[in-house]
Amino acid sequence: MATPPELAIRMQRARFNQALADADLAAIGPLLAKDVVLVAGTDSSLIAGRNAQLMAWKREFASPDRAIYRRSPDSITVSPIAPIAFEHGDWQGMTVQGVLLTRGRYTAKWRRVGADWLIEAELYLTLG
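J.: What is the right way to read the overall build of the protein from this model?
T.: Helix and strand counts for the protein come out as three helices and six strands. Secondary structure elements of the protein occur, N-terminal to C-terminal, as α-α-β-β-α-β-β-β-β. Seen along its three principal axes, the alpha-carbon backbone of the protein occupies a region of about 45 × 25 × 25 Å. Taking all 128 residues of the protein together, the buried fraction comes to 36%. Of all intrachain contacts in the protein linking residues separated by at least 6 positions in sequence, the fraction that spans at least 24 positions is 49%. Carbon and sulfur atoms make up 58% of the accessible area of the protein, which totals about 7200 Å².

In structure tokens, the structure reads:
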């Protein structure tokens, strides 16, 4: 039996959060669409493509004072006419010791490819 789309997306988000916490590039790659786009919160820098995003995460993971980012979805809207969905929620960046560094809101667009839901785009708003 297939997993309902909202639950499948929440499970993928949990995998992504865990991969970020573990600095696991190999686990992040399969969660991203090939042409994924990320627009950062504070400076609106654009990271286009899976490889570019993986390189950005690799640099982040190598930093001795790296942040651990976590996304917490509060709603997921699945399209009734196409294999796509929107996720909205809160994000935060913390030190490895758990001290809050930054936070905000985000929106992510997901697309079902085969049996998997992949992130196509993420847009961040920094609030603190």
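So much for the structure itself; the text now carries on.
J.: Would you explain the packing of aromatic side chains in this entry?
T.: In this description, a pair of aromatic rings is defined by centroid distance and the angle of the planes. Applying the stated criterion to the full structure yields six aromatic pairs. Ring centres of tyrosine 106 and tyrosine 124 lie 5.9 Å apart, and the angle between their planes is 25 degrees; this geometry places the pair in the stacked category. Placement of the pair is tyrosine 106 in strand 5 (residues 100–113) and tyrosine 124 in strand 6 (residues 116–126), with a sequence separation of 18 residues. Members of the aromatic cluster, joined through ring pairs, are Phe16, Trp57, Phe61, Tyr69, Trp91, Tyr106 and Tyr124. For the cation-ring pair, arginine 13 lies above phenylalanine 16, with the distance from its terminal atom to the ring centre recorded as 5.5 Å.

J.: Can you help me understand helix 3 (residues 50–62) in this one?
T.: One full turn of an α-helix is made of 3.6 residues, so residues set three or four places apart face in the same direction. Across its 13 residues, helix 3 extends 18 Å between first and last C-alpha, which sits within 8% of the 18 Å expected from 1.5 Å per residue. In this fold, the buried residues of helix 3 make contact with helix 1 (5–22), helix 2 (25–28), strand 1 (32–39), strand 2 (46–48), strand 3 (68–78) and strand 6.

The rules we used
Residues numbered from 1 in each chain as written. Predicted model: local features only at pLDDT ≥ 70, side-chain atom pairs only at ≥ 80, totals over all residues. Heavy atoms only, no water. Helix = DSSP H or I, 4+ residues; strand = E, 2+ residues; numbered from the N terminus. Buried < 20%, exposed > 50% of the residue type's maximum accessible area, 1.4 Å probe, protein only. Contact = heavy atoms within 4.5 Å. Areas by Shrake-Rupley, 256 points an atom, 1.4 Å probe, with all protein chains shown as cover. Phe/Tyr/Trp six-rings, centres within 6.5 Å; stacked < 30°, edge-to-face > 60°. Lys NZ or Arg CZ within 6 Å of the ring centre and 35° of its normal. Expected span 1.5 Å × (residues − 1).

Remember that the coordinates give geometry; whether it matters functionally is a separate question.
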